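Architecture and fold: a report
Below, each chain spelled out in residue letters.
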Amino acid sequence: MVVVNVGEYQVLCRERVPRPLYEYLASGTDDEQTLSENQSAYKQIYLRPRSMRPVGDLSTRTSLFGSELDFPVFVSPAGVHALCHDEGECATSRACARHGTMFGLSQHSTRSIEDVADATRHFS
């Protein structure tokens, strides 16, 4: 499957991970109101393609909180990454550092803040 939008990641996840894990990852808390509101909000965002434009000098670089980012996406805090990868949040933070974006560590992390910091120390 070729993924062309965010919703297709969820389809891919459903096909690849055990059902209980998928249900945990795809759900929200309590009555899932915030999940529903987030999904509705994202449906209001449209990208306007601009065809036949020069793209040779485009850059996604920007700064956020005083840090230069290559990719302007913030990976927000979410706990228990070790359910999806043996190295947990260390792997996620390394991927973010490798691609020039920021990672927020959850209070429900499966790795200590020190371990996560050590995992990305050589990217600083």
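Structural data are supplied above this passage.
Notes on the structure follow. Quantities reported herein were computed from a predicted structural model and do not represent experimental measurements. (Residues numbered from 1 in each chain as written. Predicted model: local features only at pLDDT ≥ 70, side-chain atom pairs only at ≥ 80, totals over all residues. Heavy atoms only, no water.)

1. Side note on the side chain of histidine 81
What counts, and what does not: Numbering of helices and strands runs from the N terminus; a helix is a DSSP stretch of H or I covering at least four residues, while a strand is a stretch of E covering at least two. Each residue is placed in one exposure class: buried if its accessible area under a 1.4 Å probe, protein chains only, is under 20% of its type's maximum, exposed if it is over 50%, and partly exposed if it falls in between. In protein, a polar contact requires one atom able to donate a hydrogen and another able to accept it; more generally it is a pair of N or O atoms within 3.5 Å, and residues adjacent in sequence count only if both atoms are side-chain atoms. Contact definition: two residues touch when any of their heavy atoms are within 4.5 Å.
On the secondary structure map, histidine 81 appears in the loop between β3 (74-75) and α4 (88-98). For histidine 81, a relative accessible area of 15% translates into the label buried. In terms of polar contacts, histidine 81 uses its side chain to reach the side chain of threonine 92, at 2.7 Å. Ignoring anything within four residues of it in the chain, the contact list for histidine 81 reads Gly88, Glu89, Thr92, Phe103 and Thr110.

2. A word on the side chain of glutamate 8
The condition that has to hold: Charge assignment in this entry is limited to Lys and Arg as positive and Asp and Glu as negative, and neither His nor the chain termini are counted. For this analysis, a salt bridge means a side-chain nitrogen from Lys or Arg found within 4 Å of a carboxyl oxygen belonging to Asp or Glu.
Locating glutamate 8 in the fold gives a position in helix α1 (residues 6-16). Look at glutamate 8: it is buried, it has no salt bridge, and the nearest opposite charge is arginine 14 at 11 Å. Sequence-distant contacts of glutamate 8, defined by excluding residues within four places in its chain, comprise Met1, Val2 and Val3.

3. Here we look at the pattern of salt bridges
Inspection of the entire model under this criterion finds 5 salt bridges. Residues glutamate 23 and arginine 19 are paired through a salt bridge, measuring 2.6 Å at the closest nitrogen-oxygen approach. Separated by 4 residues within a single helix, glutamate 23 and arginine 19 lie in helix α2 (residues 19-26), roughly one turn from each other. Residues glutamate 87 and arginine 94 are paired through a salt bridge, measuring 2.1 Å at the closest nitrogen-oxygen approach. Relative accessible area serves as the criterion here: at 38%, glutamate 87 is assigned to the partly exposed category. A residue is classified by how much of its surface remains accessible, and arginine 94, at 19% relative accessible area, is buried. Overlapping salt bridges bring together Arg61, Glu68 and Asp70 as one network.

4. A short note on the environment of arginine 14
By the secondary structure assignment, arginine 14 is in helix α1. For the pair arginine 14 and alanine 119, spaced 105 residues apart in sequence, the C-alpha separation works out to 29 Å.

5. Focus on the environment of valine 55
Examined against the element boundaries, valine 55 turns out to sit in the loop between α3 (33-42) and β1 (62-64). Looking at valine 55, the relative accessible area reads 56%, which means it is exposed. Expressed as a C-alpha distance, the spacing of valine 55 and arginine 98, which sit 43 residues apart in the sequence, is 24 Å.

6. Regarding a nonpolar patch on the surface
Using the following cut-off: The patches reported here contain residues having more than 30% relative accessible area and no salt bridge. Joining distances are 9 Å for like charges and 5 Å for nonpolar side chains (Val, Leu, Ile, Met, Phe, Trp, Tyr). Accessibility throughout is a Shrake-Rupley quantity obtained with a 1.4 Å probe, and a residue counts as covered only by protein chains that appear here.
Judged by side-chain polarity, Tyr24, Leu25 and Leu83 come together as a nonpolar surface patch covering roughly 300 Å² of accessible area. Following the sequence through the fold, leucine 25 ends up in helix α2. Given a relative accessible area of 38%, leucine 25 falls into the partly exposed group.

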